[in-house]
Protein chains: 2
Amino acid sequence: MGSGSNMSYHMSSMTKTPALAPDRFSDRMETLLNRADRLCAAKGVRLTALRRQILGLMLASDQPLGAYELLERLQTSHPGAAPPTVYRTLDFLLETGLIHKIERLSSFVPCTHTLDHDHSHEGEGIHATQFLICSQCSHVTELEEPAILSAILEASRNAGFRLRQSTIEIEGLCAACAGSQAGADKDHGHSHQESRRTPR
Amino acid sequence: MGSGSNMSYHMSSMTKTPALAPDRFSDRMETLLNRADRLCAAKGVRLTALRRQILGLMLASDQPLGAYELLERLQTSHPGAAPPTVYRTLDFLLETGLIHKIERLSSFVPCTHTLDHDHSHEGEGIHATQFLICSQCSHVTELEEPAILSAILEASRNAGFRLRQSTIEIEGLCAACAGSQAGADKDHGHSHQESRRTPR
DNA sequence: TTTTGAGTTGATATAATATAACATTCTCTC
DNA sequence: GAGAGAATGTTATATTATATCAACTCAAAA
Ligand SMILES: [Zn+2]
Ligand SMILES: [Zn+2]
Ligand SMILES: [Zn+2]
Ligand SMILES: [Zn+2]
């Protein structure tokens with residue numbers, strides 16, 4: 001029951017990405033996805049069509065997406081997809097460092113550091129990032145502040161704690177939202193899309 | 001269907017704590033609970049018997065407890081309790097700052113800073129704490145490192161972000177667990193109780 | 001080419017976490 | 001004691017996540 005056009009093709013990439021309606025993303029996103037391709041190839045893991053598709057959906061969103069939101073979007077090109085499909089893919093993307101989980105939202109965002117810069121993070125220490133989460137527009141910004149990391153390393157060391165991983169989630173108002181309610185407390189319209197998930 | 005003995009009593013405290021099998025905790029814990037009493041009184045909210053009981057259960061645990069673990073324990077003294085009872089109480093305790101939620105564990109711990117020191121945190125700025133979470137024994141330590149907070153404030157300010165709340169969860173090995181597997185990688189027994197929740 | 005095995009995905013069921021909505025009881029005030 | 005507001009009881013359901021086993025894909029070995 002193949003959906004056609006997946007036989008006897010050739011691609012120059014090491015990590016063939018065939019089958020499954022590719023649902024072509026924007027050029028910008030294809031660039032990022034190709035970068036993800038190369039990163040996976042370098043790690044010896046495969047960015048399959050499904051994984052690429054889901055990563056693409058995440059890149060196409062300006063907000064963190066929950067597993068079931070992702071599932072819903074995936075189903076437009078992939079009817080019959082079920083939760084384990086999404087969760088397995090998310091696990092893969094988390095393990096390869098292509099995405100992050102925002103714990104307090106039970107949602108996921110692409111890793112901007114891994115994909116936006118062309119270098120991979122190999123050889124570097126812990127990829128300890130911080131997330132600025134706007135409680136009004138749900139926009140998330142990933143930071144990687146050395147000062148924060150070193151303060152945490154210092155505190156851990158003082159406590160005799162052997163750090164393996166850290167989660168830093170900062171909730172508040174992004175610049176746009178803070179600006180738009182500067183003098184007053186009312187909600188003017190502003191550039192960011194409104195959240196369709198009630199912030200908790 | 002009252003379980004008896006809850007009529008016409010008198011207590012000197014402002015925040016009467018009657019009814020419901022008190023399930024007397026240790027002296028140490030009663031001290032902490034009484035402190036919580038005073039804190040609530042000062043805030044004009046009520047630490048009812050149920051809330052006191054649940055906070056006591058949390059204080060009695062050396063590990064974070066999930067809502068359903070708490071429910072299970074509550075039911076020994078409070079048969080028929082249901083999830084909303086626990087979640088509502090947790091909401092109250094979170095709002096009054098008596099406990100914290102560990103997001104990555106979907107679990108809760110008492111706030112050591114609020115209860116261990118006798119001062120309340122009124123007048124102080126944000127109660128921004130950090131949690132060291134041992135992935136082996138599940139023990140959680142609450143820190144309040146000024147250096148971490150100021151690094152975060154600084155980073156937020158630079159990003160034009162108006163911070164309201166921050167979650168910092170540091171996962172790794174506590175001193176005890178790190179020590180016990182120092183040279184080798186095997187799991188010797190050590191002082192902390194083993195986790196009965198598989199760390200994720 | 002066929003086989004084979006690891007990795008990936010499909011599919012069904014269910015677990016674990018959390019909330020909605022409304023009824024009842026409690027507490028304080030009048 | 002009656003009334004109002006807070007707290008709790010109760011039932012049902014929503015949301016998030018995982019377990020399990022079957023089927024398929026792909027790449028390399030035979
Ligand atoms: Zn990142
Ligand atoms: Zn915003
Ligand atoms: Zn605290
Ligand atoms: Zn430990």
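Residues numbered from 1 in each chain as written. Chains lettered and ligands numbered in written order. Predicted model: local features only at pLDDT ≥ 70, side-chain atom pairs only at ≥ 80, totals over all residues. Heavy atoms only, no water.

Across soluble globular proteins, you tend to see nonpolar side chains buried next to one another. The biggest cluster of nonpolar side chains holds 32 residues, and the ones touching the most others in it are A:Ile152 and B:Ile152. Listed by contribution, the elements that provide at least two residues to this core are strand E4 (130-134), helix H6 (146-158), strand E6 (162-173) and helix H7 (175-180) of chain A together with strand E4 (130-134), helix H6 (146-158), strand E6 (162-173) and helix H7 (175-180) of chain B. Not counting residues within four places of it along the chain, the set of residues in contact with B:Ile152 comprises A:Ile148, A:Ile168, A:Ile170, B:Leu163 and B:Ile168. (Core = buried A, V, L, I, M, F, W, Y, C linked by side-chain atoms within 4.5 Å. Buried < 20%, exposed > 50% of the residue type's maximum accessible area, 1.4 Å probe, protein only. Helix = DSSP H or I, 4+ residues; strand = E, 2+ residues; numbered from the N terminus. Contact = heavy atoms within 4.5 Å.)

Let us now look at the relation of the copies chain A and chain B. Relating one copy of the chain to the other requires a rotation about an axis plus a shift along that axis. The operation relating chain A to chain B is a screw motion whose rotation component is 180°, with 0.0 Å of axial translation and a residual RMSD of 0.0 Å. Within this description, the copies of the chain are treated as partners about a two-fold rotation axis. If distances are taken from each C-alpha of chain A to the rotation axis, the shortest is found for A:Ile168, at 2.3 Å. Here 100% of the contact residues of chain A are again contact residues in chain B; the copies associate through an equivalent surface. (Least-squares fit on C-alpha atoms with pLDDT ≥ 70 in both.)

Before going further, it helps to spend a moment on the coordination of the zinc ion (ligand 3). All names here are of chain B. The protein atoms that coordinate the zinc ion (ligand 3) are His-100 (NE2), Cys-111 (SG), His-127 (NE2) and Glu-142 (OE), at distances spanning 1.9 to 2.2 Å. In the primary sequence, the donor residues of the zinc ion (ligand 3) line up as H-x10-C-x15-H-x14-E. Highlighted residues: Cys-111 in the loop between strand E3 (107-110) and helix H5 (112-116) and Glu-142 in strand E5 (residues 140-143), separated in sequence by 31 residues. Glu-142 shares its class with Cys-111; the two are buried. (Donors = N, O, S within 2.8 Å, 3.2 Å for Na, K, Ca; no water.)

Our next topic: the side chain of B:Glu103. Locating B:Glu103 in the fold gives a position in the loop between strand E2 (99-102) and E3. Despite its burial, B:Glu103 pairs with no opposite charge; the closest candidate is B:Lys101, at 4.1 Å N-O. Discounting chain neighbours no more than four positions away, the residues touching B:Glu103 are A:Glu103, A:Arg104, B:Thr167 and B:Glu169. (Lys, Arg positive; Asp, Glu negative; His and termini not counted. Salt bridge = Lys/Arg side-chain N within 4 Å of Asp/Glu carboxyl O.)

Residue and element names in this part refer to chain A. Of the two faces of strand E3 (residues 107-110), the one lined by Ser-107 and Val-109 and the one lined by Phe-108 and Pro-110 are each fully buried. In this structure, strand E1 (residues 65-66) lies alongside E3, joined through 2 bridges in antiparallel fashion. Each residue of the ladder has a partner; that of Leu-65, found in E3, is Phe-108. Here strand E2 (residues 99-102) runs beside E3; their pairing, made up of 4 bridges, is antiparallel. Bridge pairing links Lys-101 to Phe-108 in E3. A loop of 4 residues connects E2 with E3, the two strands running antiparallel in sequence, and Ser-106 in this loop sits at a positive phi of about 45°. (Pairing = 2+ DSSP bridges.)

All right, on to the sheet that holds strand E1 (residues 65-66) of chain B then. If you trace the 3 strands from one edge of the open sheet to the other, you get E1-E3-E2 (chain B), paired in antiparallel fashion. In the strand order of this sheet, the two ends are held by E1 and E2 of chain B, each with one partner.

With that settled, consider the coordination of the zinc ion (ligand 1). All names here are of chain A. Protein-derived coordination of the zinc ion (ligand 1) comes from His-100 (NE2), Cys-111 (SG), His-127 (NE2) and Glu-142 (OE), at a distance range of 1.9 to 2.2 Å. Coordination at the zinc ion (ligand 1) is tetrahedral: its 4 donor atoms span angles of 100 to 130° at the metal. When the donor residues of the zinc ion (ligand 1) are listed from N- to C-terminus, their spacing reads H-x10-C-x15-H-x14-E. Of this pair, His-127 sits in the loop between helix H5 (112-116) and E4 while Glu-142 sits in strand E5 (residues 140-143); the two residues are 15 residues apart in sequence, bridging distant segments of the chain. Exposure remark for His-127: the relative accessible area of 23% places this residue in the partly exposed category. (Tetrahedral: all angles 85-135°; square planar, octahedral: opposite > 155°, others 65-115°.)

Residues and elements named next belong to chain A. When the domains of chain A are assigned, the result is domain 1 (18-121) and domain 2 (125-182 + 192-200). Between domain 1 and domain 2 lies a buried interface of about 1700 Å² when both sides are counted; carbon and sulfur atoms form 45% of it. On the domain 1 side of the contact with domain 2, Gln-63, Arg-104 and His-113 bury the most area, a combined 35% of that side's loss. Scanning the region where domain 1 abuts domain 2 turns up 1 salt bridge. Taking the shortest distance from any N to any O, the salt bridge between Arg-104 and Glu-171 comes out at 3.9 Å. For the pair domain 1 and domain 2, the number of links is 8 residue pairs in polar contact (both at pLDDT 80 or more). (Domains from an automatic or database assignment. Buried area = accessible area lost by both parts, 1.4 Å probe. Polar contact = N/O pair within 3.5 Å; in protein donor to acceptor, adjacent residues only side chain to side chain.)

Another aspect to go through is the interface of chain A and chain B. Contacts between the two partners involve 32 residues from chain A, matched on the other side by 32 residues from chain B. Around 2800 Å² of area is buried between chain A and chain B when both sides are counted, 59% of it from carbon and sulfur atoms. A per-residue breakdown of the area chain A buries against chain B is headed by A:Phe161, A:Arg162 and A:Arg164, which together make up 21% of the total. Remark: the boundary between chain A and chain B carries 2 salt bridges. Between A:Arg164 and B:Glu171 there is a salt bridge; the shortest N-O distance is 3.2 Å.

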